[in-house]
Amino acid sequence: MMTSRRRRPNRWRNERQIRAGTVLLAAVLAIALPGPWLAPHDPNALIGAPYGPPGAGAWLGYDYLGRDIWSRLLAGGLSIFWMSIAASILALAAGAAIGMLSAYRKGAVDQGVVWSTDVLFAFPDLILVLLVVSMLGRAPWLIVLLVAIAFLPGVIRLSRGVTLGIVEQEYVDSARMMGFSSAHILLREVLPNMITPLLVQFGVMLTWAIGMLSGLSFLGYGVAPPAADWGLMINENRAGLLVQPWAVLAPVAMIALFALGTNLIAEGIGRINARIEEEA
């Protein structure tokens, strides 16, 4: 069965924003992923004076307890990386499935999904996560699940809106008349034609997840100390910003570059999709 999907891999490579975002993201991941194994010292070892300046044994100096900032920076990116990726993937998969099924079935199922998403939209994302974490604890899996739930209404609304336009196309009607199952139609005819908007949404969610997870750690509701985490490092060392700025500025820079890279990639994909639609 033929679909209307268009492939433009050369446009993705030639888009300036995507190239810039990929470079930034690759630079951050080159530190975050192998960082825990490259750290010169134990991230939790007290090896220097509190807020000690940079020196031969510590490129960025020491934090408020005398721990090596460079080692904690290397070890602190893995948690925010896997948690933001996991939350975004979970929200994308669940939201896309619910939105497609809702738009395809219509009727009472669609009305129930629309009503449920409106209810979830009424709760501010960060407040919802903070409320549940404060009551149930801050286990990483729970934080990931809550962030995914916070993103779920947006994905459902997007996938439902795109699917409503796709199911009216002739090739979907042809698939129905040929007797293909609903699962086949959704997976083979609908899903391939909504990959680009879902990719854009994934990039946006990833940017939001980075900011939300970092904010939770900064507020004391994210990764628990003494674990190394970029958001937690900012919270722990903000009192000594004027004495030892690297303890705060280094993790801030990594979070900013991580979020900027994902945002540039998402915007670049969105621009390409908009140009393709104009040319169609």
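Look up: the structure comes first, before these words.
Sequence order as written defines residue numbering, which begins from 1 separately in each chain. The predicted origin of the model limits local features to residues at a pLDDT of at least 70 and limits the giving and counting of side-chain atom pairs to 80 or more, whereas totals for whole chains, interfaces and linings rest on all residues. Values shown for side chains rest on all heavy atoms present in the structure; no hydrogens or waters enter the calculation.

Asker: Can you walk me through the overall build of the chain in this structure?
Answerer: Regarding its fold elements, the chain presents 13 helices and zero strands. Here a helix means four or more residues in a row that DSSP labels H or I, a strand means two or more in a row labelled E, and each is numbered from the N terminus. For the chain, the sequential pattern of α-helices and β-strands runs α-α-α-α-α-α-α-α-α-α-α-α-α. With the C-alpha coordinates of the chain rotated into their principal frame, the extents come out at 75 × 45 × 30 Å. Between buried and exposed lies partly exposed: a residue is buried under 20% and exposed over 50% of the maximum accessible area for its type, with that area taken using a 1.4 Å probe on protein chains only. Burial status across the chain gives 44% buried among its 280 residues. Here, residues are in contact when the closest pair of their heavy atoms is within 4.5 Å. By sequence separation, contacts in the chain at least 24 residues apart represent 74% of the contacts at least 6 residues apart.

Asker: Which parts of the structure should I look at to understand the environment of Leu 78?
Answerer: For Leu 78, the location among the structural elements is in helix 5 (residues 77–105). Those residues within four positions of Leu 78 in sequence are excluded, and the remaining contacts are Ala 32, Leu 33, Pro 36 and Trp 37.

Asker: Help me understand the nonpolar core, please; the structure alone is not making it clear to me.
Answerer: A general tendency of soluble globular proteins is for nonpolar side chains to be buried together. Val 147, Val 190, Trp 230 and Phe 258 are the most contacted members of the largest nonpolar core, which totals 63 residues. Apart from the residues within four sequence positions on either side, Val 147 is in contact with Ala 87, Val 129, Ala 209, Met 212 and Leu 213. Grouping buried Ala, Val, Leu, Ile, Met, Phe, Trp, Tyr and Cys residues that are joined through side-chain atoms within 4.5 Å yields what is termed a nonpolar core.

Asker: Help me out: how do you make sense of the pattern of salt bridges in this one?
Answerer: Should their charged atoms come close, side chains of opposite charge can pair. Any carboxyl oxygen of Asp or Glu within 4 Å of a side-chain nitrogen of Lys or Arg constitutes a salt bridge here. In this structure the tally under the stated criterion is seven salt bridges. Among the salt bridges present, the one from Arg 67 reaches Glu 236, with a minimum N-O distance of 3.3 Å. Of this pair, Arg 67 sits in the loop between helix 3 (35–38) and helix 4 (69–75) while Glu 236 sits in helix 12 (residues 230–237); the two residues are 169 residues apart in sequence, bridging distant segments of the chain. Each of the two residues, Arg 67 as well as Glu 236, counts as buried. Between Arg 160 and Asp 110 there is a salt bridge, and its shortest N-O distance comes to 2.6 Å. Of the two residues, Arg 160 is situated in helix 8 (residues 140–166) and Asp 110 in helix 6 (residues 107–121); the sequence distance between them amounts to 50 residues. Taking the relative accessible area as the measure of exposure, Asp 110 reaches 7% and is therefore buried.

Read these as geometric descriptors, not functional statements.
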